[in-house]
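# Remarks on the overall topology
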Amino acid sequence: MFTTLMNITQFFFTVVIGLYFLLQLVGQKSDDSAIARDSKQELERLHFMRRHTLTKPLTEQTRPAQLSDMIGQEDGIKALMIALGGKNPQHVLIYGPPGVGKTAAARVVMEYVKTTPDTPFSKDAPFIELDATTTHYDERGIADPLMGSVHDPIYQGAGAYGSAGVPQIKEGAVSKAHGGVLFLDEIGELSSVQMNRLLKVLEDGRVMYESAYYTKSNRNIPRHVRDVFENGMPADFRLIGATTRKPSEIPEALRSRCVEIYFDALTLPQREEIIKGAVGKLDVSVADELIKYMASFTVNGRDSVKIAQMLASKLKLEHKSTPDIWDVDWVLESCRYKKKSDSKEGL
Ligand SMILES: Nc1ncnc2c1ncn2[C@@H]1O[C@H](COP(=O)(O)OP(=O)(O)OP(=O)(O)O)[C@@H](O)[C@H]1O
Ligand SMILES: [Mg+2]
């Protein structure tokens, strides 16, 4: 009698436990299929987004693509070619006012240098652009787009690395630029901590990371992660720093490691030439005197191109092939360009 009771109890608990695991399995399966369904929908949305791209923005169309597209800045461009060319390219600091072609020149010079015989840059050497004003230093180092950062398991959630307690390394611009150029706009805005770290990387050609979760003895840590913690992440690149500040405002330690190059403000005829080139690329024909008139409202290459783009868009919208003074005035007024009282003289 007692044995029968025991058997019944045993059977009862076996059924309960069996049911419990069965329900867990069903629950997990329905979770899996919900994730799979969501993921499929998201993938379809991604593919749809990729199939529907816009045309090239006008800024892309007017951006200098080769050395001959650059207007003025002959000395600066020559100095850049000397500094970046040859067997041993150097780090560079470019000084100059905003919008006069510092970034544009660096890009086209780099493209040219890559084609020269002695250069250590390969044809697909990267040119990584980063604005120093967007690289706020975060003391905990959770996100550092310049140097890269370590994602400790505590921040990774339930992913494979997170649950195995493995810290993950997210490389920064200095490593993405490995083998090429890191163009750091507004380099004068880096904090002193960032500047010191950057100088160390320039010297070592690698970035070292630390994590409380990394220990040599932890056998869970994959070989590539161990390699980075032990030997550092490669970051061998040439730095081009650009700044609108004065040389005296830039740390001496950085200046002494770089070739210093100066870009000038653009003259009126140079701004005219930039507007002429831009309207040409945008397939609009504008009378020379109107170009001169527009240029007299601009101060640099960027706003010259912007006026040309607005004018070209207005004409396209209104199905006109050439502008008159009223079209130009409308653009100048709507973009709040300050009029000079004598600027209509000669029209
Ligand atoms: N000297 C130039 N020759 C031809 N185009 C120019 C020149 N300067 C500026 N431009 C035009 O203006 C755009 C902006 O120039 P760029 O970004 O090179 O200026 P920048 O000096 O780097 O400015 P910032 O200091 O604001 O970064 C270029 O893409 C180009 O279309
Ligand atoms: Mg720039």
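Heads up: these notes are all about the structure in this document. (Residues numbered from 1 in each chain as written. Chains lettered and ligands numbered in written order. Predicted model: local features only at pLDDT ≥ 70, side-chain atom pairs only at ≥ 80, totals over all residues. Heavy atoms only, no water.)

## A word on the site of ligand 1
Residues in close proximity to ligand 1 total 21 residues, the closest being I71, G99, K102, T103 and A104. A distance of 2.7 Å separates an oxygen atom of ligand 1 from a polar side-chain atom of T103. Separating an oxygen atom of ligand 1 from a backbone N or O atom of A104 is a distance of 2.9 Å. Protein contact buries 90% of the 630 Å² of open area that ligand 1 shows by itself. (Near = heavy atom within 4 Å. Polar contact = N/O pair within 3.5 Å; in protein donor to acceptor, adjacent residues only side chain to side chain. Areas by Shrake-Rupley, 256 points an atom, 1.4 Å probe, with all protein chains shown as cover.)

## Overview of the coordination of the magnesium ion (ligand 2)
Every protein donor of the magnesium ion (ligand 2) is accounted for by T103 (OG1) and D185 (OD), and the metal-donor separations fall at 2.0 to 2.8 Å. Of the two residues, T103 is situated in helix α4 (residues 102–113) and D185 in strand β5 (residues 181–185); the sequence distance between them amounts to 82 residues. The pair T103 / D185 is uniform in exposure class, with both members buried. (Donors = N, O, S within 2.8 Å, 3.2 Å for Na, K, Ca; no water. Helix = DSSP H or I, 4+ residues; strand = E, 2+ residues; numbered from the N terminus. Buried < 20%, exposed > 50% of the residue type's maximum accessible area, 1.4 Å probe, protein only.)

## Some remarks on the side chain of D303
Assignment of secondary structure puts D303 in helix α13 (residues 301–317). Despite its burial, D303 remains without a salt bridge, the nearest opposite charge being carried by R271 at 5.8 Å. (Lys, Arg positive; Asp, Glu negative; His and termini not counted. Salt bridge = Lys/Arg side-chain N within 4 Å of Asp/Glu carboxyl O.)

## Some remarks on the pattern of salt bridges
Scanning the entire structure with this criterion turns up 19 salt bridges. The salt bridge involving K281 is made with D69; its shortest N-O contact spans 3.8 Å. A residue pair is termed long-range when its members are at least 10 positions apart, and K281 in helix α11 (residues 268–281) and D69 in the loop between α2 (58–62) and α3 (74–84) qualify at 212 residues. When its relative accessible area of 38% is taken as the criterion, K281 is described as partly exposed. For D69, a relative accessible area of 24% corresponds to the partly exposed category. Look at the salt bridges and you will find they share partners, linking K314, E318, K320, D324 and D327 into a network.

## So, a nonpolar patch on the surface
Taken together, the side chains of F12, F13, V16, I17, Y20 and F21 make up a nonpolar region of the molecular surface, amounting to roughly 650 Å² of accessible area. In this structure, F13 sits in helix α1 (residues 2–51). (Patch = residues over 30% accessible without salt bridge, like charges linked within 9 Å, V, L, I, M, F, W, Y side chains within 5 Å.)

## A short note on the sheet that holds strand β9 (residues 259–262)
A sheet is described by the order of its strands in space; here five strands give the open sequence β2-β5-β8-β1-β9, paired in parallel fashion. Unpaired on one side and paired on the other, β2 (127–131) and β9 mark the two borders of the sheet. Each strand axis lies, on average, 20 degrees off the axis of its neighbour in the sheet, ignoring direction. Alignment of strand β1 (residues 92–95) against β9, held across four bridges, turns out to be parallel. Residue L93 lies in a different strand from β9, and its bridge partner there is E260. (Pairing = 2+ DSSP bridges. Axes fitted to C-alpha atoms, helices over the stretch in contact; angles between N-to-C directions.)

Function cannot be read off these values alone, since they describe shape.
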